[in-house]
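Each chain, letter by letter, is given below.
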Amino acid sequence: MDNIFNDFLREFGKRVKIEREARNLTLGDMEFHTGIDDSDFNKIELGKTNITFRTFLKVAKGLNVQPKRLLDFDIDLKNENSD
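Residues numbered from 1 in each chain as written. Predicted model: local features only at pLDDT ≥ 70, side-chain atom pairs only at ≥ 80, totals over all residues. Heavy atoms only, no water.

Visitor: Can you walk me through the packing of aromatic side chains in this structure?
Guide: What describes a pair of aromatic rings is the distance from one ring centre to the other and the angle between the planes of the rings. Evaluation of the coordinates by the stated rule reveals two aromatic pairs. Between Phe8 and Phe73, the aromatic rings sit 5.3 Å apart at their centres with planes inclined by 55 degrees, giving tilted as the arrangement. A residue pair is termed long-range when its members are at least 10 positions apart, and Phe8 in helix α1 (residues 2-22) and Phe73 in the segment after α4 (53-63) qualify at 65 residues. When its relative accessible area of 32% is taken as the criterion, Phe8 is described as partly exposed. Between Phe12 and Phe56, the aromatic rings sit 5.7 Å apart at their centres with planes inclined by 45 degrees, giving tilted as the arrangement. One end of the pair, Phe12, is in helix α1; the other, Phe56, is in helix α4, and 44 residues separate them in sequence. (Phe/Tyr/Trp six-rings, centres within 6.5 Å; stacked < 30°, edge-to-face > 60°. Helix = DSSP H or I, 4+ residues; strand = E, 2+ residues; numbered from the N terminus. Buried < 20%, exposed > 50% of the residue type's maximum accessible area, 1.4 Å probe, protein only.)

Rendered as structure tokens:
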């Protein structure tokens, strides 16, 4: 399960970064729009931290995107360590 979980966090972080960069926003901009410290926001983009739904919604609102857009990626659910 750890591999799937880590894959999910990495892919989610990539989507967040893609959306942020598409809007020409800096990590500092995201701190202003979300209230999430820029170093913590960087950890989200790197897939290094698990976030709550509350934080997830802050990220979506700060990027001005529908939440489902941040989940537009595939992960391998048949990972060998899926117990």
